Amino acid sequence: MRDDRIDILRFIGLSMIILAHVDPPGLLFQLRNFDVPLMVLVSAMSFSLSYKANEPYPAYVWKRIKRLVFPVWSFLTVYFLTIFAFNPGSGELDPTTVLTSYGLLEGIGYVWIIRVFLLVALISPLLFRWHQNTERDSRYFTVLALSLLAYETLRYCSLPYIQPGAGELVSSVLLYLIAYGLIFAIGLRMGRLSTRQLYTLALLSLSICLLAGMWLFFLHGEFIPTQSLKYPPSVYYFSYAVFISVLLWTHSAGIDHSIERLKLKPLVLFIARNSIWVYLWHIPLIKTIENIDTHFLLKYLIAFSVAVALTYAQVKLVGHGLNHIKSDACRKNIKMIFTG
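**Q** Kindly report on unusual backbone geometry, identifying the contributing residues and their values.
**A** Between Y231 and the following residue, P232, the backbone shows a cis peptide bond with an omega angle of -10°. Within the secondary structure layout, P232 lies in the loop between α9 (195–220) and α10 (235–250). Phi is positive for L104, which is not a glycine, with a value near 60°. As for its position among the elements, L104 is in the loop between α5 (95–102) and α6 (112–133). Even without being glycine, K263 reaches a positive phi, approximately 65°. For K263, the location among the structural elements is in the loop between α11 (252–261) and α12 (265–273). Assessed through its relative accessible area of 70%, K263 is described here as exposed.

**Q** Could you give me a rundown of the pattern of salt bridges, with the residues and numbers involved?
**A** Tallied over the full model, the rule gives 15 salt bridges. Among the ionic pairs, D35 bridges to R32, the shortest N-O distance being 2.4 Å. Judged by relative accessible area, which is 1%, R32 ranks as buried. Between E260 and K265 there is a salt bridge whose closest N-O contact spans 3.9 Å. You can call E260 partly exposed: its relative accessible area is 45%.

**Q** Would you mind going over helix α8 (residues 166–190) in detail, with residue names and values included?
**A** Here α8 contains 25 residues, and its C-alpha end-to-end distance of 36 Å stays within 8% of the 36 Å for a straight helix at 1.5 Å per residue. The largest bend in α8 is about 30°, located at Y176.

**Q** Could you give an account of the packing of helix α4 (residues 57–86) against helix α13 (residues 275–289), with specific residues and numbers?
**A** Orientation of α4 relative to α13, taken along the N-to-C sense of each, is 30°, at an axis distance of 10 Å. By the angle class used here, α4 and α13 are roughly parallel. Of the two possible hands of crossing, α4 and α13 adopt the one that is right-handed. Judged by residue contacts, R67, L68, P71, V72, S74, F75 and Y79 of α4 engage I276, W277, L280, W281, I283, P284 and K287 from α13. By residue class, the composition of the contact of α4 with α13 is eleven nonpolar, one polar and two charged.

Parameters and conventions
Residues numbered from 1 in each chain as written. Predicted model: local features only at pLDDT ≥ 70, side-chain atom pairs only at ≥ 80, totals over all residues. Heavy atoms only, no water. Helix = DSSP H or I, 4+ residues; strand = E, 2+ residues; numbered from the N terminus. Buried < 20%, exposed > 50% of the residue type's maximum accessible area, 1.4 Å probe, protein only. Salt bridge = Lys/Arg side-chain N within 4 Å of Asp/Glu carboxyl O. Expected span 1.5 Å × (residues − 1). Bend = angle between axes of the 7 residues up to and from the residue. Axes fitted to C-alpha atoms, helices over the stretch in contact; angles between N-to-C directions. Parallel < 35°, antiparallel > 145°, perpendicular 65-115°, else oblique. Left-handed = near helix turned anticlockwise from the far one by under 90°. Contact = heavy atoms within 4.5 Å. Nonpolar A, V, L, I, M, F, W, Y, C, P; charged D, E, K, R; others polar.

Structural measurements only, silent on function.
Below, the structure written as structure tokens:
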């Protein structure tokens, strides 16, 4: 079962991620800095609608790997083969870059977000069970608040040890797993909160963001963007993102209505439901145009529209090819990887 409002927020999150990669002005860059947490929140809401509690955990993990990792590996294979064919001396063909790309680490850049989704997917059934077994919202959010406080303490204390090598690798897994797992837990609950509860959550998140921002201003004598405390993610970064994301969710019905009136809903839903491939295709486009001296909005239009066009062509091509495959299982797997 799908909820169009969730897909619309996923579209907004993807749009803001791609916007970040065309270097918009500072204020706009800050305003859109809610994108990745929003994607995690909506994935939690989607998960709560589709997860089958009786599904064996190994089967669930394998399904998530096919849906998240295999598309990236397929894309990276085409990406590196293309570079080898046209520019064999490229630094991106360095073995370390290639291996860390497939490992969803630094690599060519941009693929770290898939690592986040995979890590969260591994603990999603556990978080969902806790969500189901904790009836009282007050208890649920108290545990989350204390957990976020403990995480922020751990993040701060571990900063001196996050150096290239083992420390950075542990941070890339452990800290991101905890942080985005807690955001996922918030998303699991958001769908059942009343409007009043949602506004309370938004106000609390804004208050935390403002308090943290004022404290950082006092320490540094200048405004510190939330982006500066994104790697590894801090509560300052999350609080702003949760504030904006909750407001978007409370107004999602109105946004849905506006998109429908503009006759854009089929396009928006297509992009949302194929978001991983739109995201992957935008990577080489960004790398191609990033050094072109032109307005960021033109870069954004090129990167986004061409990525959507490539995804549409891929979906049509794969859909046509599936008609010639007799095995239902094989057809299902290919469709999951290449068409969402």
